[in-house]
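Here is what each chain is made of, one letter per residue.
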Amino acid sequence: MADTRRPVSDQVVVVLGASSGIGRATALEFARQGCTRIVVASRGEEALGTLVEELERAGAEAVAVPTDITDQAAVRALVDAAEARFGRIDTFVTVPGVGIWGSVQQIDLDEFRRVTEVNYIGHVAAAQAAVPALERAGGGVLIGIGSVEGYRSIPLHAPYSASKFALRAFYDALRMELAEEGSPVEVSQILPAGIATPFFEHARTKLGSMPKPPPPVYAPELVAEAVVRASVHPRREIPVGDAALGFIAGQRFSPALTDAVLSLTGRQLQTTDRPDDGTDILDTPTPGPGRVRGAFADQALTTSPVTRVAGVVARPGELLLRAIRRRG
């Protein structure tokens, strides 16, 4: 049973969380692959402005809609603006995520709430607004940027890991409900490993130094390429970075051993000797003109065979779910 989505060149795409990192790379990759109608949204208005300029230079008609994912009315207004401008939405990509490093005892309860509000509840609000629009278009794909930490939590990152566990469960429930209803909307979740975006400079930390992604680190463009493939060939979950497979396998086959290994190595894998500059985007927009890559870009791998296979090969269960949805 073949995928029947519109080609990238004929899609209307919304990217929420586009100011920097994965979201910015995704919008640019859509344009590179021929998409000409792109709506970009985030809290960072200056970064959105520079992104629109880049997209226009690439030949796309781009619209910026400043949007805070924690404001449900703003998210709905984003959907309305996209439909008013281009008539429909074919792919909706939800990216926003914030992080904070520290022990459970060091992190305030309000900080836990904030990470949950952005990384989980915000994605729920986006889905509630986007799915009806995708249905009005006759079908489409909702793509959520999760994390390999939705399968395996790591020490000193509890708020983020917990929010990504919740997010994965949410997208699973939504996917099943839409299939049971016979909805033409498909749900894909992207599960990146460590990605060399500005996320780590933008995170809040209680560790006394700037955090880093556990190695190996992958280029943001790999995630963007996976998202664009999923807009045409949706897959249930797509890990990005071969290391993601190791995290998932460790959790499935020996979670206790993985606990032991990470309890011994987790701090070393996530800390640097670079001083923390005391700034973060937990409560404020991304500052400045926006960037795709961050401080660890020089370490980034640019290929991942696991990601390529996961984004191309449909599993039998995915085909069955697709048949159930079409029968409905």
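Looking at an unreviewed UniProt entry, one finds the protein chain named Short-chain dehydrogenase and attributed to Geodermatophilus poikilotrophus. UniProt, in the comment section headed Sequence similarities (unreviewed entry), describes the protein chain in these words: "Belongs to the short-chain dehydrogenases/reductases (SDR) family."

A few words now on a negative patch on the surface. A cluster of like negative charges, contributed by E135, E177, E180 and E181, occupies part of the molecular surface. No other element matches helix α5 (residues 158-181), which puts three residues into the negative patch. Considering the arrangement of structural elements, one finds E180 in helix α5. For E180, a relative accessible area of 61% corresponds to the exposed category.

Once that is clear, we can look at the packing of aromatic side chains. Summed over all chains, the structure comprises seven aromatic pairs. Between W101 and F199 the ring centres are 5.9 Å apart and the planes differ by 65°, which places this aromatic pair in the edge-to-face class. Note that W101 is positioned in strand β5 (residues 100-101) and F199 in helix α6 (residues 199-202), a separation of 98 residues in sequence. Across the pair, exposure class does not vary: W101 and F199 are buried alike. Every member of this aromatic cluster is reached through a ring pair, and the members are W101, Y160, F199, F200 and F296. Stacked on the ring of Y151, the Lys or Arg R168 has its end atom at 3.7 Å from the ring centre.

All right, on to unusual backbone geometry then. In this structure, the amide linkage connecting P215 to the following residue, P216, adopts the cis form with an omega of 0°. Among the secondary structure elements, P216 is positioned in the loop between β9 (209-211) and α7 (220-232).

For the coordinates displayed, the defined rule picks out 23 salt bridges. Residue D10 pairs with R37 through a salt bridge whose shortest N-O separation is 3.4 Å. Taken together, the positions of D10 in the segment before β1 (12-16) and R37 in strand β2 (residues 37-41) put the pair 27 residues apart, joining distant regions of the chain. What makes R37 buried here is its relative accessible area of 19%. Where salt bridges share partners, they join E111, R114, E117, R204, K206, D280 and D283 into one cluster.

So, about the packing of helix α3 (residues 72-86) against helix α4 (residues 109-136). A packed helix pair is summarised by two numbers, namely the angle formed by the two axes and the spacing between the axes. Contact pair α3 / α4: the axes reach a minimum separation of 8 Å and the direction vectors enclose 20°. Taken as axis vectors, α3 and α4 run roughly parallel relative to one another. Our pair here, α3 against α4, has a crossing hand that is right-handed. On the side of α3, the interface is formed by Q72, V75, R76, V79 and E83, while α4 contributes A125, A126, Q128, A129, A130, A133 and R136. For the contact of α3 with α4, the residue count by class is seven nonpolar, two polar and three charged.

Cut-offs and rules
- Residues numbered from 1 in each chain as written.
- Predicted model: local features only at pLDDT ≥ 70, side-chain atom pairs only at ≥ 80, totals over all residues.
- Heavy atoms only, no water.
- UniProt positions renumbered as here; feature names shortened; annotations may be inferred.
- Patch = residues over 30% accessible without salt bridge, like charges linked within 9 Å, V, L, I, M, F, W, Y side chains within 5 Å.
- Areas by Shrake-Rupley, 256 points an atom, 1.4 Å probe, with all protein chains shown as cover.
- Salt bridge = Lys/Arg side-chain N within 4 Å of Asp/Glu carboxyl O.
- Lys, Arg positive; Asp, Glu negative; His and termini not counted.
- Charge placed at Lys NZ, Arg CZ, Asp CG, Glu CD.
- Helix = DSSP H or I, 4+ residues; strand = E, 2+ residues; numbered from the N terminus.
- Buried < 20%, exposed > 50% of the residue type's maximum accessible area, 1.4 Å probe, protein only.
- Phe/Tyr/Trp six-rings, centres within 6.5 Å; stacked < 30°, edge-to-face > 60°.
- Lys NZ or Arg CZ within 6 Å of the ring centre and 35° of its normal.
- Axes fitted to C-alpha atoms, helices over the stretch in contact; angles between N-to-C directions.
- Parallel < 35°, antiparallel > 145°, perpendicular 65-115°, else oblique.
- Left-handed = near helix turned anticlockwise from the far one by under 90°.
- Contact = heavy atoms within 4.5 Å.
- Nonpolar A, V, L, I, M, F, W, Y, C, P; charged D, E, K, R; others polar.

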